[in-house]
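Here's the letter readout for the chains.
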Amino acid sequence: MYTTTSSRTEREARRARILGLSHNLRAGVQPIAANQLFVSGAALADQVVTLADIRPGARVFDPSAGTGDLLAAAARLRPGVLLLAVEIDARLAAGLRARMPEASVTVADFLDVDPAGLGLVDRIVMNPPFRNGADIKHIEHARRFLAPGGRMVAICANGPRQHARLRPTVLAAGCSWEPLPAGTFKHAGTAVSAVMLSVDA
């Protein structure tokens, strides 16, 4: 019995992958697999929160909270705010509650949530799903939750539908439409082109 070079190579590659996963787990990095989840990351989350101009005591809402990067940045940069989240994936919602026990987390499809139930909020920070123009629907729905004087900062795809539906409203209101640099979501395994926009109530 003998071992071929190719089978040895395959075993070595498997062993390297296993060691890599083991290292990640020891470091506290958990692989995440959820539909249309492009994790914001700390750097982008800080940009969103800074543009949101969150004031002390504000009600800060993330309608598609995912792993909670945006709310975590809000809590770190603006301590003492009230954190509200909606997340459709129960596993991610459980992770949010563990990461930020002070946050109020609702498991639901945001498009089914009504402002009458949640109440109006002072600031919205969001990175919604992009597929099939879902970001447009989420952003337009989210505007209904803004209290007078409120502000929403959202990430959306940099595509023709977003330019046609969202950009005119943003610019007419004198708010910002800022294309993000190429590779912004490289850490999430996608080359999607995106925009950071703001809308004031």
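Structure: see above.
Quantities reported herein were computed from a predicted structural model and do not represent experimental measurements.

A. Region of interest: helix α2 (residues 42-52). Buried within α2 we find Leu44, Ala45, Val48, Val49 and Ala52. The buried residues of α2 all sit within an arc of 135° when viewed along its axis, so they share a single face. In α2, the exposed positions angled more than 90 degrees off the buried face are occupied by Ala42, Ala43 and Thr50. Of the surrounding elements, those touching the buried residues of α2 are α3 (69-77), β4 (121-126), β5 (146-157) and β7 (194-200). Two residues or fewer after α2 comes Asp53, characterised by a positive phi angle close to 55°.

B. View of the nonpolar core. Judged by nonpolar contacts, the single largest core of 30 residues is most densely connected at Val48, Ile54, Val60, Leu83 and Ile155. Contributions of two or more residues to this core are made by α2, α3, β2 (82-87), α4 (90-99), β5 and β7. Ile124, Ile139, Ala142 and Trp177 belong to the second largest nonpolar core, which has 24 residues in total.

C. Highlighting the environment of Leu92. Looking at the secondary structure, you find Leu92 in helix α4. Measuring from C-alpha to C-alpha, the distance between Leu92 and Thr67 comes to 6.1 Å, with 25 residues separating the pair along the chain.

D. The sheet that holds strand β3 (residues 104-107), seen in detail. Strand order in the open sheet formed by 7 strands is β3-β2-β1-β4-β5-β7-β6, and the pairing between neighbours is mixed. Because the sheet does not close on itself, it has two edges, and the strands there are β3 and β6 (177-179). Within the sheet, the average angular offset between the axes of one strand and its neighbour, ignoring direction, is 15°. Taken together, the 7 bridges between β5 and β7 define a ladder with antiparallel strand orientation. What sits directly across from Met152, in β7, is Val199. Along the sheet face, α2 touches β4, β5 and β7 and points at about 150° away from the line of β5. Of the strands in this sheet, β4, β5 and β7 touch helix α6 (residues 134-142), which is tilted by about 170° from β5.

E. Structural detail: the pattern of salt bridges. For the coordinates displayed, the defined rule picks out 7 salt bridges. A salt bridge links Arg151 to Asp200, with the shortest nitrogen-to-oxygen separation between them at 2.7 Å. Highlighted residues: Arg151 in strand β5 and Asp200 in strand β7, separated in sequence by 49 residues. Judged by its relative accessible area of 22%, Arg151 is partly exposed. Of the residues examined, Asp200 reaches a relative accessible area of 31% and is grouped as partly exposed.

F. Highlighting unusual backbone geometry. A positive phi angle, near 55°, is found at Asp53, a position not held by glycine. Assignment of secondary structure puts Asp53 in the loop between α2 and β1 (59-62). With a relative accessible area of 30%, Asp53 lands in the partly exposed category. The phi angle at Asn132 is positive, at roughly 55°, despite the residue not being glycine. Considering the arrangement of structural elements, one finds Asn132 in the loop between β4 and α6.

Calculation notes
- Residues numbered from 1 in each chain as written.
- Predicted model: local features only at pLDDT ≥ 70, side-chain atom pairs only at ≥ 80, totals over all residues.
- Heavy atoms only, no water.
- Buried < 20%, exposed > 50% of the residue type's maximum accessible area, 1.4 Å probe, protein only.
- Helix = DSSP H or I, 4+ residues; strand = E, 2+ residues; numbered from the N terminus.
- Arc of directions from axis to C-beta.
- Contact = heavy atoms within 4.5 Å.
- Core = buried A, V, L, I, M, F, W, Y, C linked by side-chain atoms within 4.5 Å.
- Pairing = 2+ DSSP bridges.
- Axes fitted to C-alpha atoms, helices over the stretch in contact; angles between N-to-C directions.
- Salt bridge = Lys/Arg side-chain N within 4 Å of Asp/Glu carboxyl O.

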